[in-house]
Structures are given as structure tokens and as C-alpha cells.
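# Observations on the model geometry
Residue strings, one per chain:
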Amino acid sequence: MNAHSSVSNETFDCRVAFSEKLIALAEADPRIVAVCNDSVGSSNLNAFRDRFPDRLINVGIAEQNMVGVAAGLANGGFIPFVCAAGPFLSGRATEQVKADVAYSNYGIVLCAMSPGMAYGELGPTHHSIEDLSWMRAIDNLDVLVPADPEQTKAAMDWAVASGRPIYMRVGRHKVPSVTPADRDVAFTFGKIDVTGDGNDVALVATGTLVSRALEAQAILAADGIAARVLNVSTIKPLDAETIIKAAKETKGLVIAEEGVLEGGLGAAVATTLAENHPARAKFLGVTSFAPTGSTDFLLEHFGLTAKGIADAARKLVG
Amino acid sequence: MTISVWPDNKPLDVAAIRDLPEGERAEQLKLVAKQVRRLIVQMIDIARAGHIGGDLSVTDALVTAAFGVLNISPETADDPGRDRLILSKGHCAAALYSVLALRGFFPIADLETYMKPLSKLNGHPNRLKVKGVEANTGPLGHGLPIAVGSAVASKLSGKNWQTFVFTGDGELQEGSNWEAAMTAAHRKLDNLVVIVDRNRLQQGARTEDTASLDPLGDKWASFGWEVADIDGNDTAALLKAFTQNRDGKPLVVIANTLKGKGVSFIEDRVEWHHKVPSKEQVELALKELA
């Protein structure tokens, strides 16, 4: 089943790594607090609550208030990790993210739990597929999408050290580890991690799509098509240099993301290409409100699979 | 055109007001409030823009908190334990800027740049541009959640500062306020004071003709708050309310005010939400505030 040797069959819920890391960070730094919206369980904060009962501020089902409270905590010297399901954090509190976090330049980590179509059968109300577009539009807000547990933990280290306003997806849908064993750090802010140096096609992916792009790379290799995989874990600011290099050195790019095509990773790549090195490209994403189905079913429905990525690549280079 | 302040050339020692006995404090605060109103009128005249009605209604409460009660000064602006004053009704920035300038956060002459290109004195306040500003407000319903976070931080850090947040009354139509009101009561934030500038007018009409707020005190009480319902243009009543026993609860001061207070032809008229007075009207206003 698994065509790429570097992609293991073992898969992980990134919230587990998130939870362990948050506790470790909080042990080391008394400024770290968690703020949530009745999402202790779904944000995997039970252990944090047991360890630091006073440092978990659960405001109830009230996302605007949640983000405002985080801004007040930041004003008071704390580093809040705001933990809530992605659709409600990004959609319900957009204006607070803009005014209270980004425009106010507070070091707050907005942790979008269960992003993309992780809530599968619960349907489009619970799918966070517009978040990358909405959050990318806000100035002075860094947008991160770690692709596996190692990246999630390393991104959290960076978030605390940087003191930046940050929006970060924390995946629920299980993914294999995609971090190559030889990397010193799993996540480098603003840098795309490249696997392989194939000159036929570049597979540009983020989050859940990275492991699928790596599998597509193996499928294409069997057909004699040499692909490189670009893991974009910092959506904003985008690593334009690596994108332009890929455009120059290959015949085209396939961009795949678990989100809408209007304004997300694909749009960011398209802008970069158009201004610097126009190239052939194919964009894969969530193109409509989803029908009922599991996350895996829906990813397949929208062609967000290794096969879907490989097929798009073949058309580009064929 | 230059801003004139303290026309008698005898500036008050505003830093000393907090230490005066209560009666004397209230009298001095009235003088400061009058100066703030003069500054507001002049700023809006120079900028030819602003929100004069709400600026003038909230002035007494702002002045009483900033000069009479809270530990707010340029010297302590970066002190982690400083008191926090948050203007949720951010469109009344002219009132806040006047207070901060009089308190020495920046030169009074800078008020002349209000809303001018590249001025630090934006139409709504920005904490990164002006020391003493605690929150980047403007969209309504943001200040109270931020204030709740500040009050939680105060207790969590053990530094025990006070947080005062000023909202409009029309602003309470934003649901985020009531989300925050629940959190504050649930967490027994007795270090938090909300001042509602109850001038009964919003941009388009009277509040009670738009989306009724009354019985406003009962609403807050039912949310678990201590309520003080007072004359919000009376510095003595404000001082008393700001220092009253809170019974382990957050306190809301419903400051019943006149929109446009201090300038007869502006008072209690809906059209003066953000109308700019003519040159003749400015002269008249300053005469009334002499």
C-alpha cells in the first residue's frame, strides 16, 4: 500500500504531541497558559488541566471572548495557547484575531484543532477549509501547518521563542511521520523542507497532503518521472525562493492542500510564480462543500490522494 | 493653529490629585475634566473629524479613573503591575489622547496631529504607537474580553493590578460583551470595573428606540455583577463608585451621562455622534467651557 519507503505505516494524531509539548513548555516557562472554549477534551488538554489547573482558562463556548481574553492575558505578560476547533476559532473570532492579536502584535499562538476535513461526517459546518485563506489575509499573522508530530512540536518551540502572533493548524486526522531522519530540527520557520531533487515535477503540499505527496513521488518514480516534494509548513510568510527554484528546475508544479483553492497555499504559490517565474501548475484542494463521509473518503472524493497528486503530475509533464 | 490648555497658565499638578482627600479630589477632577473637554473640541476642530458626542459624555469617568484612582503614569507605563485602563469605545480616542497628554505620556502639542497623515494619533487608539494605550480598539465589543483577560492575568501573576474598561451603551448590543460578562462573574474578578457610558444615544438613534438595553442594571446583576447606577458626569459620584466594596464580584458602573456634556447645543442630540462643529460653534463651545 505504501509506495514510498520513507513513509511509515504508523500514523499519529498530532494533538497527542501537541499536548505533551504544551506541558513541557509550561513546565519550563510560567508565562505559558492555555485558553479554550469548552474544548478541553477535543484539544487534548486534560493532562494540562490536571497538571496546571490555574493555567487553563476555559471561557466556555464563546470564541470571540476566548481570543479577547487571550489578548488581555498577553497584555498581562502571559503567552497564551488558544485551543479551539479550527472552524470556530478562525471563523467565529476572525475580527478578534485581526484586531486583538495581529494588529496588537501580541505573542499568542492560535491553535486550530482538527483542521481541514478532520471532522469528516460532521459535515461542512465543522470543516475548517477556509481558515488558511482568512488567516493569510491578516497582516502580521504567521500561518503554520505542521505536517506531523515532530513538526508540531518544533513549531511550538519556535512559537514561544519568537513571541509572534501565530495561527497554527494542529492535525487530528492521523498522519505518518514525514520528517526525514537526518534533519536537525523538524521545522524551520519560513523554510520549505524539500525531499528529493527530481527535475520533472514539483509536488507542493502542506499538512495531511505531505505524506500523500511523498507516496505520489514513489508512484511517479516507478513510471520514470522524477519528482521533488516541497513540504510547506509555513504558509505565511511563504518561502518564495524554494518555490521559484522548483519552478525553474522542473516542468511544472502540483499544489495540494486540505482547503479551498481561493486564497490558501495554492493562491500564495500562484502569486509568487506569476510575479517571478510563470510556470505550469495544477491546484488540488477542496472545491465544494463536502458530501457526507469520513475524512479519508472526502480526501479521496476531492482527489487529495497519492494517486490524485500523481495523476495531476503526469498530466503536467506528459 | 495651536492647542491651548490651562488658559490661566497655571497647570494643575495632575500627578498629585490621587493623593488628595476625596472631596478635594473630586473638585480638582472637575477642573481637569473641563480642560480635557477643551482639548477635545480643539482637536476635533483642527482634524475636522472625530466623535465629539461620546468624547464629551465619557470625559468625567475617564478623568476620574485616570487621575483620581488608577496607578497610570508615564513612569510606570511599562511596569508589569501597572493598572490597566482600556477604552473599548475606541472611537472616543480624542478623549483618551487628551487624558494621556495631560498626564504627560506625550506632549500636549502632539494633539494637533490627531488623524493627520502618519500621526501616531489614529482615529482609533493603537497601543504600539501611543504609550498608555492598552488595547487596539475600534470595532465594538472587544475591550471587555481583553479586560477580562487582563483581570485574570492580574490574579494569576499575583501582581494584583486593577483593570478599568470603558464601553459605550450602544456597544452592549455586541454579544461578545455578554460572553465576557459571564466569564468575569464566573471567575469572580473583583479587580475588574466596567464603566458603561450610558448616554442613551447610539450613532443612528436612541438606544431604546434601536435595541433596548433597559433594565440595564438588572441585566448585569442577573449576570452576577455588582452594579452601581450613578450620575456619570459627577466626579464625586464616580470616585465613590470606583472605590466601593465589590463583594467579591466584578463591578459595573452604569454612568448615566449626557452625550455632548458641557456644550449646550451638542448635548443629548443624536446628530452630534460624529458631526464636526463649525468655526463659530467651536468658539461658542470653548466659551461655554471657559
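### Thoughts on the overall build of chain B
A tally of helices and strands in chain B yields eight helices and five strands. In terms of C-alpha radius of gyration, chain B reaches 18 Å, essentially the compact-globule figure of 19 Å for 290 residues. With respect to the principal axes defined by its C-alpha atoms, chain B has extents near 50 × 45 × 40 Å. Within chain B, the proportion of its 290 residues that are buried is 58%. Within chain B, residue pairs in contact and separated by at least 24 positions form 74% of the contacts whose partners lie at least 6 positions apart. Summed over its atoms, the accessible surface of chain B is roughly 10,900 Å², and 50% of this surface lies on carbon and sulfur atoms. Looking at charge distribution, chain B has the averaged site of its 34 positive side-chain charges lying 3 Å from that of its 37 negative ones.

### Some remarks on the overall build of chain A
Of the regular secondary structure elements, chain A holds twelve helices and 14 strands. The globule rule puts the C-alpha radius of gyration for 318 residues at 20 Å, and the 19 Å found for chain A is close to it. Considering only contacts in chain A between residues 6 or more positions apart, those separated by 24 or more positions represent 77%. Separation between the mean location of the 27 positive side-chain charges and that of the 36 negative ones in chain A comes to 3 Å.

### Considerations on the interface of chain A and chain B
Facing 25 residues of chain A, the contacting portion of chain B comprises 25 residues. Summing the contributions of chain A and of chain B, the shared interface buries around 2,000 Å²; its carbon and sulfur component is 53%. Contact with chain B buries surface across chain A, with A:Asn65, A:Asn75 and A:Tyr103 losing the most and accounting together for 26% of the total. Seen at the junction of chain A and chain B, the total is zero salt bridges.

### So, the nonpolar core
If you look at the biggest cluster of nonpolar residues, it comprises 74 residues, and the most contacted ones within it are A:Leu110, B:Leu192, B:Trp220 and B:Trp225. In this structure, B:Ile52, B:Ala61, B:Ile195 and B:Leu251 belong to the second largest nonpolar core, which totals 68 residues.

### Structural notes on helix α10 (residues 265-276) of chain A
Residues and elements named next belong to chain A. Look at α10: 17 Å from first C-alpha to last across twelve residues, which is about the 16 Å you get at 1.5 Å a residue. Inspection of α10 places Leu265, Gly266, Ala268, Val269, Thr272 and Leu273 among the buried residues, and these make up the whole buried set. Each buried residue of α10 sits inside an arc of 160 degrees when the element is viewed along its axis, so together they form one side. Seen from the open side of α10, the exposed residues pointing more than 90 degrees away from its buried face are Ala274 and Glu275. In this structure, the buried side of α10 is in contact with α6 (131-136), β10 (201-205), β12 (234-236), α9 (240-249), β13 (253-256) and β14 (281-284).

### Considering the pairing of β13(A)
Residues and elements named next belong to chain A. Residues Leu253 and Ile255 of β13 are buried on one face, and the alternating residues Val254 and Ala256, pointing to the opposite face, are buried as well. Both β10 and β13 contribute to a ladder of four bridges, which runs parallel. Its bridge partner lying in β13, Leu203 is registered against Val254. Judged from the four bridges that link them, β13 and β14 form a sheet pairing that is parallel. What sits directly across from Leu253, in β14, is Ala281.

### Overview of the packing of aromatic side chains
How two aromatic rings sit relative to each other is given by the distance of their centres and the angle of their planes. All names here are of chain B. Under the defined criterion, the tally for this structure stands at nine aromatic pairs over all chains. Measuring from ring centre to ring centre gives 4.8 Å for Trp220 and Trp225, while their planes differ by 70 degrees; the resulting arrangement is edge-to-face. In terms of burial, Trp220 and Trp225 fall into one category: buried. Grouped by ring-pair contacts, the aromatic residues Trp178, Trp220, Phe223 and Trp225 constitute a single cluster.

### Examining the sheet that holds strand β11 (residues 227-231) of chain A
Residues and elements named next belong to chain A. Pairing is mixed in the open sheet, where five strands are placed in the order β9-β11-β10-β13-β14. Each end of this open sheet is capped by a strand with a single partner; those strands are β9 (193-195) and β14. When strand polarity is set aside, the average angle formed by the axes of neighbouring strands in this sheet is 20 degrees. Summarising the sheet, β10 and β11 pair through five bridges and their orientation is parallel. What sits directly across from Ala202, in β11, is Arg228.

### Focus on the sheet that holds strand β7 (residues 166-170) of chain A
Residue and element names in this part refer to chain A. Read across the open sheet, the seven strands follow the order β3-β2-β4-β5-β7-β6-β12; overall the sheet is mixed. Two strands bound the open sheet, and with one partner strand each, they are β3 (56-58) and β12. In this sheet, adjacent strand axes meet at a mean angle of 20 degrees when their direction is disregarded. As judged from the five bridges shared by strand β4 (residues 79-85) and strand β5 (residues 109-113), these two strands associate in the parallel manner. Within β5, the position partnered with Phe81 by the bridge is Val109.

### Concerning the pattern of salt bridges
Residues and elements named next belong to chain B. The final tally for this structure, using the stated rule, is 31 salt bridges over all chains. Across the pair Arg37 and Asp60 runs a salt bridge whose closest N-O atoms are separated by 2.5 Å. Of this pair, Arg37 sits in helix α1 (residues 22-47) while Asp60 sits in helix α2 (residues 52-69), and the two are 23 residues apart along the sequence. Comparing Arg37 with Asp60, the two get one shared label, buried. In the salt-bridge network here, residues are joined through shared partners; they are Asp169, Arg198, Arg200, Glu208 and Asp214.

### A look at unusual backbone geometry
What you tend to see is this: most non-glycine residues have negative phi, and most peptide bonds are trans. Look at the link from A:Lys236 to A:Pro237: it is a cis peptide, with omega at 0 degrees. For A:Pro237, the position within the fold is in the loop between β12 and α9. A cis amide bond, omega 0 degrees, links B:Asp214 with the succeeding residue B:Pro215. With respect to the helices, strands and loops of the structure, B:Pro215 is situated in the loop between β3 (192-198) and α6 (216-222).

### Here's the deal with the side chain of B:Thr183
Among the secondary structure elements, B:Thr183 is positioned in helix α5 (residues 176-186). A distance of 2.7 Å separates a polar atom in the side chain of B:Thr183 from a polar atom in the side chain of A:Asn65. Each residue touching B:Thr183, except ones within four places of it in the same chain, is listed here: A:Val59, A:Asn65 and B:Val148.

Thresholds, definitions, all that
Residues numbered from 1 in each chain as written. Chains lettered and ligands numbered in written order. Predicted model: local features only at pLDDT ≥ 70, side-chain atom pairs only at ≥ 80, totals over all residues. Heavy atoms only, no water. Helix = DSSP H or I, 4+ residues; strand = E, 2+ residues; numbered from the N terminus. Rg over C-alpha atoms; globule rule 2.2 N^0.38 Å. Buried < 20%, exposed > 50% of the residue type's maximum accessible area, 1.4 Å probe, protein only. Contact = heavy atoms within 4.5 Å. Areas by Shrake-Rupley, 256 points an atom, 1.4 Å probe, with all protein chains shown as cover. Lys, Arg positive; Asp, Glu negative; His and termini not counted. Charge placed at Lys NZ, Arg CZ, Asp CG, Glu CD. Buried area = accessible area lost by both parts, 1.4 Å probe. Salt bridge = Lys/Arg side-chain N within 4 Å of Asp/Glu carboxyl O. Core = buried A, V, L, I, M, F, W, Y, C linked by side-chain atoms within 4.5 Å. Expected span 1.5 Å × (residues − 1). Arc of directions from axis to C-beta. Pairing = 2+ DSSP bridges. Phe/Tyr/Trp six-rings, centres within 6.5 Å; stacked < 30°, edge-to-face > 60°. Axes fitted to C-alpha atoms, helices over the stretch in contact; angles between N-to-C directions. Polar contact = N/O pair within 3.5 Å; in protein donor to acceptor, adjacent residues only side chain to side chain.

Geometric values such as these leave the question of function open.
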